[in-house]
Amino acid sequence: MRLANKTAIITGGGSGIGQACARAFHREGANVVLFGRRKHKLEETAQELGSQKLGSRVLTIQGDMTQSDDLDRLVQETRNKFQRIDVLVNNAGLFKGAPLHEISDEQYDEMMDINMKAVFQLSRRVLPLMMEQKGGSIVHISSILGMIAVPGVAAYNVSKGALNQLNRSIAVEYGSYGIRSNAVCPGLIETDMTADLMKDEALMQEWSRDYPIGRFGKPEDVASACLFLASDESSFVTGTVLPVDGGFTAH
Ligand SMILES: NC(=O)c1ccc[n+]([C@@H]2O[C@H](COP(=O)([O-])OP(=O)(O)OC[C@H]3O[C@@H](n4cnc5c(N)ncnc54)[C@H](OP(=O)(O)O)[C@@H]3O)[C@@H](O)[C@H]2O)c1
């Protein structure tokens, strides 16, 4: 098993890409810690994983990424139950659009607080334990919109661009401790986040032409990349920004 004896925290682990990571990591032997605000989503996922009868390798922790006490609790409860943190998947995020000149200070702050500041704060809390352990893998779920920009989502573009720089910063600063950091940049993926957008058939048909593979992504497409980056198979891979986008950014 590719993640045997490893413990992985997955923020936003109760839905979409985070849930797909939870399934993949658990299947490969990891202890998984699922964090998010909606308790029922976390518990549904935990129940599904538990029903595979692989023992008690799932911990759910309800909390908000923007509350520092909740982040402290996430790290502490993970240590209490599993003693270590080998993998951190910074997946929780927010996507909202508006023309740049109409975005209020509050909306900008909300986007940056969840997509960037909280990731910075949680990574900062997990790094000391990874340093003690002399190893760890941090995987950030960024976006192709951290690599390129599209109109109407300026705050999101900025937040994910900054996340890609945080990724590189961790890679260069902590590589000597055996800690790796990589960012995965999904294209359009079918999740709750994009469900409303995907109802617009004409728009989807237009956008799908920009995906050489000829389809949009599934959460499992992203989880497969995360599994590789979380595992020791990628032990010489750090600081990368990996598009998982069916070729969208190859244009
Ligand atoms: N879907 C796409 O096309 C796409 C493309 C590129 C990048 N991404 C990125 O992929 C990541 C996952 O998104 P998704 O597509 O899987 O959508 P999703 O199902 O809506 O997942 C977002 C997750 O983030 C959690 N979350 C949001 N705010 C939080 C907060 N303040 N505290 C704790 N948890 C919070 C949510 O849980 P609760 O609501 O229960 O807290 C939810 O589980 C995001 O970072 C997103 O930007 C998605």
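Residues numbered from 1 in each chain as written. Predicted model: local features only at pLDDT ≥ 70, side-chain atom pairs only at ≥ 80, totals over all residues.

J.: What's the story with the overall build of the protein chain in this structure? I'm lost.
T.: Regarding its fold elements, the protein chain presents seven helices and seven strands. Seen in sequence order, the protein chain has helices and strands lined up from the N terminus as β-α-β-α-β-α-β-α-β-α-β-α-α-β. The C-alpha atoms of the protein chain give a radius of gyration of 17 Å, which matches the 18 Å a tight globule of 251 residues would have. Put simply, 74% of the contacts in the protein chain that link residues at least 6 apart link residues at least 24 apart. (Helix = DSSP H or I, 4+ residues; strand = E, 2+ residues; numbered from the N terminus. Rg over C-alpha atoms; globule rule 2.2 N^0.38 Å. Contact = placed C-beta atoms within 7 Å.)

J.: Looking at this structure, I do not really get the site of the ligand. What am I missing?
T.: In the neighbourhood of the ligand, 29 residues make up the surrounding shell, with Gly-12, Gly-16, Arg-37, Arg-38 and Gly-93 lying closest. Broken down by element, the residue count for the shell around the ligand peaks at three residues, all from helix 1 (residues 16-27). Looking at the shell around the ligand residue by residue, the class counts come to 11 nonpolar, 13 polar and five charged. (Near = placed C-beta within 6 Å. Nonpolar A, V, L, I, M, F, W, Y, C, P; charged D, E, K, R; others polar.)

J.: Any chance you could explain the sheet that holds strand 5 (residues 136-141) here in plain terms?
T.: Through backbone hydrogen bonds, the strands of a sheet pair up, either in parallel or in antiparallel fashion. Strands sit in the order 3-2-1-4-5-6-7 across an open sheet of seven strands; the sheet is parallel. Because the sheet does not close on itself, it has two edges, and the strands there are strand 3 (58-62) and strand 7 (241-244). The sheet shows a mean angle of 20° between the axes of neighbouring strands, direction not considered. The strands touched by helix 2 (residues 39-50) within the sheet are strand 2 (31-36) and strand 3, with strand 3 carrying the most contacts at an inclination of about 180°. The strands touched by helix 5 (residues 154-174) within the sheet are strand 5, strand 6 (179-186) and strand 7, with strand 6 carrying the most contacts at an inclination of about 160°. (Pairing = 2+ DSSP bridges. Axes fitted to C-alpha atoms, helices over the stretch in contact; angles between N-to-C directions.)

J.: How do you make sense of the pairing of strand 1 (residues 7-11) when you look at a structure like this?
T.: Side-chain direction in a regular strand flips from residue to residue, so the side chains alternate between the two faces of the sheet. Judged by how many residues are buried, strand 1 sits mostly within the fold: five of five residues are covered. Neither face of strand 1 is exposed, since Thr-7, Ile-9 and Thr-11 on one face and Ala-8 and Ile-10 on the opposite face are all buried. Sheet topology places strand 1 next to strand 2; five bridges connect them, and they run parallel. The residue of strand 2 that forms the bridge with Thr-11 is Phe-35. (Buried ≥ 20, exposed ≤ 12 C-beta atoms within 10 Å, placed from the backbone.)

J.: Please explain the pairing of strand 5 as it appears in this structure.
T.: With six of six residues buried, strand 5 lies mostly within the body of the structure. The alternating pattern of strand 5 places Gly-136, Ile-138 and His-140 on one face and Ser-137, Val-139 and Ile-141 on the opposite face, and all of these are buried. Strand direction decides the pairing type here: strand 4 (residues 87-90) and strand 5, joined by four bridges, are parallel. When the sheet's bridge partners are listed, Val-87 is paired in strand 5 with Ser-137. The parallel pair strand 4 and strand 5, bridged by helix 4 (residues 105-133), forms a crossover whose chirality is right-handed. Relative to strand 6, strand 5 runs parallel, the two sharing six bridges. Bridge assignment links Gly-136 to a residue of strand 6, and that residue is Ile-179. (Right-handed = clockwise from strand over helix to strand, strands pointing away.)

J.: How do you make sense of unusual backbone geometry when you look at a structure like this?
T.: Positive phi is not limited to glycine here, since Gln-83 has a value of about 70°. With respect to the element layout, Gln-83 can be found in the loop between helix 3 (68-82) and strand 4. Positive phi values are uncommon outside glycine, yet Lys-134 reaches one of about 60°. If you trace the backbone, Lys-134 turns up in the loop between helix 4 and strand 5. For Lys-134, a count of 10 C-beta atoms within 10 Å translates into the label exposed.

J.: Would you explain the packing of helix 3 against helix 4 in this entry?
T.: Packed helices, taken two at a time, are described by the angle their axes make and the gap between the axes. Contact geometry for helix 3 and helix 4: axes closest at 10 Å, N-to-C directions at 30°. One element, helix 3, and the other, helix 4, form an angle in the roughly parallel class. As helix 3 runs across helix 4, the sense of the crossing is right-handed. Contacts between helix 3 and helix 4 pair Ser-68, Leu-71, Asp-72, Val-75 and Arg-79 from the former with Gln-121, Leu-122, Arg-125, Val-126 and Leu-129 from the latter. Here the residues of the contact of helix 3 with helix 4 are counted per class, giving five nonpolar, two polar and three charged. (Parallel < 35°, antiparallel > 145°, perpendicular 65-115°, else oblique. Left-handed = near helix turned anticlockwise from the far one by under 90°.)

J.: Sorry, what's going on with helix 7 (residues 219-230) here?
T.: Side chains of residues three or four places apart in an α-helix project in the same direction, reflecting 3.6 residues per turn. In this model helix 7 runs 16 Å from its N-terminal to its C-terminal C-alpha over 12 residues, within 8% of the 16 Å that 1.5 Å per residue would give. Counting buried residues in helix 7 gives nine out of 12 residues, a clear majority hidden from the surface. The set of residues buried in helix 7 consists of Pro-219, Asp-221, Val-222, Ala-223, Ala-225, Cys-226, Leu-227, Leu-229 and Ala-230. On its buried face, helix 7 is in contact with strand 1, helix 1, strand 4, strand 5, strand 6 and strand 7. (Expected span 1.5 Å × (residues − 1).)

Taken by themselves, the reported measurements are silent on function.
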